[in-house]
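# Report on the structure
Each chain, letter by letter, is given below.
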Amino acid sequence: MKYILLFYVCFLVACTATPYQSGIGTGQGYFETRISENKYIVSFQGNSVTTYQQAYDYALLRATEIGLELGYELIVLQGAEKYSEQSTGSFAIPVYTPPADLINGSENWSTGQQTYTEIRPGYKITVVYLNEEPGGLFLSDTVFNIQDISKNLKPVSYTHLT
């Protein structure tokens, strides 16, 4: 029973999306690049269990935190782009070949290779921070109040079980 519980806990840990954290040093998490005084590109790179929606939410959450840190009231979403990073690898697996003579033969174990492809979703958004409503033609669904976003968007632990 103890081993079944240990397996279950390890399984849950392995099936967890990338946590909300800086990606510096790990390659998975949020990143930001300052373009000008009030313009940033913010991205979130997940692991193979992260969804595009989770990556977008975390990029927007990080953009909101930056706006709060800089003292701005509004955030204008100028662009959003989903992307993915892909890697391929392999690992060794045991291969069993039964003996030709089932009574007198000996078992034969060898090592084979299993290849895999991992796709890691990410989202990149471009934002501009303002303290008053922008003039000109802006779509109302691209201008957000930073305080409203920070109240409604919090990091959560996404767990994917299939």
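The rules behind each value
Residues numbered from 1 in each chain as written. Predicted model: local features only at pLDDT ≥ 70, side-chain atom pairs only at ≥ 80, totals over all residues. Heavy atoms only, no water. Helix = DSSP H or I, 4+ residues; strand = E, 2+ residues; numbered from the N terminus. Buried < 20%, exposed > 50% of the residue type's maximum accessible area, 1.4 Å probe, protein only. Contact = heavy atoms within 4.5 Å. Areas by Shrake-Rupley, 256 points an atom, 1.4 Å probe, with all protein chains shown as cover. Pairing = 2+ DSSP bridges. Axes fitted to C-alpha atoms, helices over the stretch in contact; angles between N-to-C directions. Polar contact = N/O pair within 3.5 Å; in protein donor to acceptor, adjacent residues only side chain to side chain. Core = buried A, V, L, I, M, F, W, Y, C linked by side-chain atoms within 4.5 Å. pLDDT = per-residue confidence, 0-100.

Regarding its fold elements, the protein chain presents 3 helices and 5 strands. Along the protein chain, helices (α) and strands (β) appear in the sequence α-β-β-α-β-β-β-α when read from the amino end. Each of the 162 residues in the protein chain was classed as buried or not, and the buried ones make up 33%. Sequence separation of at least 24 residues holds for 72% of the intrachain contacts in the protein chain that already meet a minimum separation of 6. For the protein chain, the exposed surface amounts to about 10,700 Å²; the carbon and sulfur share of it is 56%.

Our focus in this paragraph is the environment of isoleucine 35. Mapped onto the fold, isoleucine 35 is located in strand 1 (residues 29-36). We classify isoleucine 35 as partly exposed; its relative accessible area is 46%. Not counting residues up to four positions away in its chain, the partners in contact with isoleucine 35 are Tyr40 and Ile41.

What the 5 strands build is an open sheet, ordered 1-2-4-3-5; its pairing is antiparallel. In this open sheet, the two edge strands, each paired with only one partner strand, are strand 1 and strand 5 (143-145). Neighbour to neighbour, the strand axes of the sheet diverge by 35° on average, direction disregarded. Bridge count between strand 3 (residues 74-97) and strand 5: 3 bridges; the pairing is antiparallel.

What follows is about the side chain of asparagine 47. Mapping asparagine 47 onto the fold places it in the loop between strand 2 (39-45) and helix 2 (52-70). A polar side-chain atom of asparagine 47 sits 3.0 Å from the main-chain amide nitrogen of valine 49. Here threonine 50 takes part through its side chain, which lies 3.0 Å from a polar atom of the side chain of asparagine 47. Look past the residues within four positions of asparagine 47 in its chain and what remains in contact with it is Thr16, Ala17, Thr18, Gln28, Ile119, Arg120 and Pro121.

Within the largest apolar cluster, 23 residues are counted, with the highest numbers of intra-cluster contacts made by Ala63, Ile75, Ile125, Val127 and Tyr129. Those elements that place two or more of their residues in this core are strand 2, helix 2, strand 3, strand 4 (108-130) and helix 3 (146-152). Per-element tally for this core: the top contributor is helix 2, with 8 residues. If near-sequence neighbours (up to four positions away) are discounted, isoleucine 125 is found in contact with Tyr40, Ile41, Val42, Tyr56, Ala59, Leu60, Ala63, Leu77, Gly79 and Ala80.

Attention shifts here to the environment of glycine 46. Structurally, glycine 46 can be placed in the loop between strand 2 and helix 2. A C-alpha to C-alpha distance of 9.1 Å links glycine 46 and glutamate 85, two positions 39 residues apart in sequence.

This part takes up the confidence of the model for the protein chain. Predicted confidence across the protein chain gives a mean pLDDT of 81, with 77% of residues reaching 70 or more. Summarising per-element confidence for the protein chain, the mean pLDDT is lowest in helix 1 (residues 2-14) (36) and highest in strand 2 (96). This model gives residues 1-14 a pLDDT under 50, and the stretch forms 4 contacts once residues within four places in sequence are excluded. Scored below 50 in pLDDT, residues 158-162 shows 13 contacts in the model against residues more than four places distant or in partner chains.

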